[in-house]
Amino acid sequence: MELRALQYFVTVAEDLHFGRAAQRLGIVQPAVSQQIARLERELGVRLLDRTSRRVRLTPAGERVLAAARKTLAAAARVRVVAGEPAAVLRIGVASCVTRRLDRAVGRLSDSERPAEPTLVDLPVAARLDAVRDGELDLALVRGALTSAAVTVVRAWSEPLHAVLAREHPAACKPAVSLHDLDPYGLRLPARDSDPPMHDAILAALPVAPLRPPAGDMLNVLFEVGRDAEGWTLMPAEQLDGSRSERLLQLPLDPPVTVDGHVVTSLATPEPCVASYVAAFAD
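Residues numbered from 1 in each chain as written. Predicted model: local features only at pLDDT ≥ 70, side-chain atom pairs only at ≥ 80, totals over all residues. Heavy atoms only, no water.

(A) Spotlight on the overall build of the protein. Within the protein one finds nine helices and nine strands. A compact globule built from 282 residues should have a C-alpha radius of gyration of about 19 Å, whereas the protein, at 24 Å, is more than 25% larger. Taking the principal axes of the C-alpha coordinates as reference, the protein spans close to 75 × 40 × 35 Å. Counting the 282 residues in the protein, one finds 43% classified as buried. Roughly 15000 Å² of accessible area belongs to the protein as shown, and the carbon and sulfur atoms make up 54% of that amount. Across the protein, the mean location of the 33 positive side-chain charges is 9 Å away from that of the 35 negative side-chain charges. (Helix = DSSP H or I, 4+ residues; strand = E, 2+ residues; numbered from the N terminus. Rg over C-alpha atoms; globule rule 2.2 N^0.38 Å. Buried < 20%, exposed > 50% of the residue type's maximum accessible area, 1.4 Å probe, protein only. Areas by Shrake-Rupley, 256 points an atom, 1.4 Å probe, with all protein chains shown as cover. Lys, Arg positive; Asp, Glu negative; His and termini not counted. Charge placed at Lys NZ, Arg CZ, Asp CG, Glu CD.)

This is the structure we're talking about:
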């Protein structure tokens, strides 16, 4: 029994379609059919019921599927232990390390398909282009994001927090309402620095910002720290671990959340996408 045959069977069982499975495996459909038929002969059982309209697992196929997945995972671990390097997984991120990212890197390294994550710091637009062009395996993007050029899957949700100067009138509160913050004090980075995040913040605001967006987030935080009436909004996890003598963060009441997405190329196999999403999910 070959591991290749088990891999072909698992792929067909996940798609329940020989054509799509062959496309994911990068081979022709007859080769998939031949390997499945050979595996069925070796095991002496029928694994799949096939008609012109559908493919479905037999009871024996369901049992073999669970065992095949465990076998393939064990084989991957044996290769790693034997010295075969884990596949490099190129991940496009923003220039900050969060607990979620740190935890996900550990999950990906210890997963059934071990990977060696490499973090690449790129602006959002460059991240998406790099995924589309195959220069990155996946990217993380917060905010409102839709694209026909890449696969976008929501992986988590996190709260937005208000970032204020310590001299701000609301600084003594445990939480703050957006309606209680002066619209003129709002500072936002230019949209081209992070369009999805910018659009998500605009959608959360009760009124349109009165000041034009300008600069990047670092400059915005510098301006907020200099103005006792200034404030901005940022994802809470992006603020984790940051310390400033001039700034503090407050949760919003009522809470406002922003979604985080895993972005992959259109050619990335669905099981891989699922494993990436699971690594970054709560």
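(B) Local environment of the packing of helix 1 (residues 3-15) against helix 3 (residues 29-43). Running from amino to carboxyl end, helix 1 crosses helix 3 at an angle of 110 degrees, the nearest separation of the two axes being 9 Å. With respect to helix 3, the axis of helix 1 lies roughly perpendicular. Residues Arg-4, Ala-5, Leu-6, Tyr-8, Phe-9 and Val-12 of helix 1 form the contact with helix 3, whose participating residues are Ala-31, Val-32, Gln-35, Ile-36 and Leu-39. (Axes fitted to C-alpha atoms, helices over the stretch in contact; angles between N-to-C directions. Parallel < 35°, antiparallel > 145°, perpendicular 65-115°, else oblique. Contact = heavy atoms within 4.5 Å.)

(C) Broad picture of the side chain of Glu-237. Take Glu-237: it is sitting in the loop between strand 7 (231-235) and strand 8 (247-251). Residue classification places Glu-237 among the buried positions, given a relative accessible area of 14%. Once residues within four sequence positions are removed from consideration, Glu-237 is found in contact with Thr-98, Arg-100, Arg-142, Trp-156 and Glu-158.

(D) Highlighting a nonpolar patch on the surface. Nonpolar side chains collect at one region of the surface, where Met-1, Leu-43 and Val-45 lie side by side and expose about 260 Å² of accessible area between them. Along the polypeptide, Leu-43 turns up in helix 3. Relative accessible area serves as the criterion here: at 33%, Leu-43 is assigned to the partly exposed category. (Patch = residues over 30% accessible without salt bridge, like charges linked within 9 Å, V, L, I, M, F, W, Y side chains within 5 Å. Salt bridge = Lys/Arg side-chain N within 4 Å of Asp/Glu carboxyl O.)

(E) Local environment of the environment of Val-220. Structurally, Val-220 is set in helix 8 (residues 217-226). On a C-alpha basis, the gap between Val-220 and Ala-5 in space is 56 Å, while along the polypeptide they are 215 residues apart. Leaving out residues up to four positions away in the same chain, Val-220 has contacts with Arg-187, Leu-188, Pro-189, Ala-214 and Thr-232.

(F) Quick peek at helix 7 (residues 195-204). Looking at helix 7, one finds that the buried residues are Pro-195, Pro-196, Met-197, His-198, Ala-200 and Ile-201. Close packing links the buried residues of helix 7 with helix 6 (124-132), strand 5 (138-142), strand 6 (151-165), strand 7 and strand 9 (257-264).

(G) Region of the structure containing the nonpolar core. Core analysis: the largest hydrophobic core is formed by 21 residues, its most contacted members being Leu-164, Trp-231, Leu-233 and Leu-252. Mapped by element, the contributors of at least two residues to this core are strand 6, helix 7, strand 7 and strand 8. In contact with Leu-252, other than residues within four places in its own chain, are Leu-160, Ala-162, Val-176, Leu-178 and Leu-233. Membership of the second largest hydrophobic core comes to 20 residues, among which are Ala-5, Tyr-8, Val-12 and Leu-65. (Core = buried A, V, L, I, M, F, W, Y, C linked by side-chain atoms within 4.5 Å.)

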